[in-house]
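Okay, here's what each chain looks like letter by letter:
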Amino acid sequence: MSSAPSPHSELVGALYRDHRGWLLAWLRRNVACPQRAEDLSQDTFVRLLGRDELLTPREPRAFLVAIAKGLLFDYFRRAALEQAYLTELMLIPEGEQPSVEEQQLILEDLKAIDRMLGKLSTKARAAFLYNRLDGLTHAEIADKLGVSVPRVRQYLAQGIRQCYIALYGEPT
């Protein structure tokens, strides 16, 4: 993030002063780790600072909880992804396992892919994963998702576009 102040930093500052303690208490009730709750609380306000546009919310606590819930969902999804990776890693014979450094790089790549796919709608993400991981055809995916084959093609194009952006940046 740049050191230039956000155009709405005063509003975020007021939300922080008035509601941070309450948000932190809410997060502590929903997360077992107090440090993780603290991080999520800070991330909530950082996310607000990063917005291009921010209006004064009518219900500040509900607004902050909605943002925190999204961050919480991302945290749990990434933790599950990491656990699944570690579980699969244990199935590989010890002599064939990647080095600790390679394991960390792979895990970081998995998290980057997860962030990239997280920008897709639920159905677009599912279609992309069904196609790329499970090898399902467009018709099979359409059946599973209850959509048309042309819609599946659109979803796959969205997924491929996100991959392109992850590799090369936003197209010009």
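Residues numbered from 1 in each chain as written. Predicted model: local features only at pLDDT ≥ 70, side-chain atom pairs only at ≥ 80, totals over all residues. Heavy atoms only, no water.

Student: How should the UniProt feature "domain: RNA polymerase sigma-70 region" (unreviewed entry) in the protein chain be read in this particular structure?
Tutor: Per the UniProt record, the feature "domain: RNA polymerase sigma-70 region" (unreviewed entry) sits at residues 15–80. The distance from the first to the last C-alpha atom of residues 15–80 is 31 Å, and the span holds 80% helix and 0% strand. (UniProt positions renumbered as here; feature names shortened; annotations may be inferred. Helix = DSSP H or I, 4+ residues; strand = E, 2+ residues; numbered from the N terminus.)

Student: I would appreciate a short explanation of the pattern of salt bridges in the present structure.
Tutor: Counted under the stated rule, the structure contains six salt bridges. In this structure, the salt-bridge partner of Glu-38 is Arg-20, at a minimum N-O distance of 2.2 Å. Placement of the pair is Glu-38 in helix H2 (residues 34–49) and Arg-20 in helix H1 (residues 9–30), with a sequence separation of 18 residues. A residue is classified by how much of its surface remains accessible, and Glu-38, at 24% relative accessible area, is partly exposed. Residue class for Arg-20 comes out buried when judged on its relative accessible area of 17%. Ionic pairing is found between Glu-170 and Arg-161, a salt bridge with its closest N-O pair at 2.7 Å. Sharing partners across several salt bridges, the network here consists of Asp-74, Arg-77, Arg-78 and Asp-114. (Salt bridge = Lys/Arg side-chain N within 4 Å of Asp/Glu carboxyl O. Buried < 20%, exposed > 50% of the residue type's maximum accessible area, 1.4 Å probe, protein only.)

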